[in-house]
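Residues per chain, in single letters:
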Amino acid sequence: MKLPRFLIGFIAVLLLFGTVTYVFSQNLWTTFVQTLICAFVIQIGYFLIVLAMVKVRQRQYSSQPNVEEENGSGKSQPALHAPRLKHTR
């Protein structure tokens, strides 16, 4: 998920949560504190999801066979994997 889309969704959720909390509690301080807690929980969840995605990508990358290519000096080095960049030449 790209950052602008995440920020729009994040702010929309917090505004909705804050509105509902204020309607039920009728207390501005309680609304502020609970909305802050909600923002913290969303951030922790987002961090954990990104961490899980990195782990999955790392497992996929490490399970691929080690492809090596000749660099012209007689030494071989691992080939870089950049599927999005292969059509830029």
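Residues numbered from 1 in each chain as written. Predicted model: local features only at pLDDT ≥ 70, side-chain atom pairs only at ≥ 80, totals over all residues. Heavy atoms only, no water.

A. Here's a closer look at the overall build of the chain. Across its full length, the chain holds two helices and two strands. Tracing the chain from N to C terminus, the helices and strands come up as α-α-β-β. When the accessible area of the chain is evaluated, it comes to approximately 8,200 Å², of which 67% is carbon and sulfur surface. (Helix = DSSP H or I, 4+ residues; strand = E, 2+ residues; numbered from the N terminus. Areas by Shrake-Rupley, 256 points an atom, 1.4 Å probe, with all protein chains shown as cover.)

B. Spotlight on the side chain of Thr21. Take Thr21: it is sitting in helix H1 (residues 3-25). Those residues in contact with Thr21 that sit more than four places away from it in its chain are Gln26, Thr31 and Gln34. (Contact = heavy atoms within 4.5 Å.)

C. Region of the structure containing a nonpolar patch on the surface. Where nonpolar side chains cluster on the molecular surface, the patch consists of Trp29, Phe32, Val33, Leu36, Ile37, Phe40, Val41, Ile44, Phe47, Leu48 and Leu51 and spans about 1,100 Å² of accessible area. Within the fold, Val33 resides in helix H2 (residues 28-63). Residue classification places Val33 among the partly exposed residues on the basis of a relative accessible area of 31%. (Patch = residues over 30% accessible without salt bridge, like charges linked within 9 Å, V, L, I, M, F, W, Y side chains within 5 Å. Salt bridge = Lys/Arg side-chain N within 4 Å of Asp/Glu carboxyl O. Buried < 20%, exposed > 50% of the residue type's maximum accessible area, 1.4 Å probe, protein only.)

D. Seen up close, the confidence of the model for the chain. Per-residue confidence for the chain averages 82 on the pLDDT scale, and 71% of its residues sit at or above 70. Per-element averaging of pLDDT across the chain places strand E1 (residues 68-70) at the bottom with 50 and H1 at the top with 94. (pLDDT = per-residue confidence, 0-100.)

E. Inspection of the packing of H1 against H2 at higher detail. With their axes 9 Å apart at the nearest point, H1 and H2 run at an angle of 145° to one another. Of the two elements, H1 crosses H2, and the hand of that crossing is right-handed. Contacts between H1 and H2 pair Phe6, Phe10, Val13, Leu14, Phe17, Gly18, Thr21, Tyr22 and Ser25 from the former with Leu28, Thr30, Thr31, Gln34, Thr35, Cys38, Ala39, Ile42, Gln43 and Tyr46 from the latter. Considered class by class, the residues forming the contact of H1 with H2 number eleven nonpolar, eight polar and no charged. (Axes fitted to C-alpha atoms, helices over the stretch in contact; angles between N-to-C directions. Left-handed = near helix turned anticlockwise from the far one by under 90°. Nonpolar A, V, L, I, M, F, W, Y, C, P; charged D, E, K, R; others polar.)

F. A look at H1. With 23 residues, H1 should reach 33 Å at 1.5 Å per residue; the first-to-last C-alpha distance of 32 Å fits that figure. Where H1 is concerned, the buried positions are Phe6, Phe10, Leu14, Gly18 and Thr21. Elements that come into contact with the buried residues of H1 comprise H2. Positioned one or two residues after H1, Gln26 has a phi angle of 55°, which is positive. (Expected span 1.5 Å × (residues − 1).)

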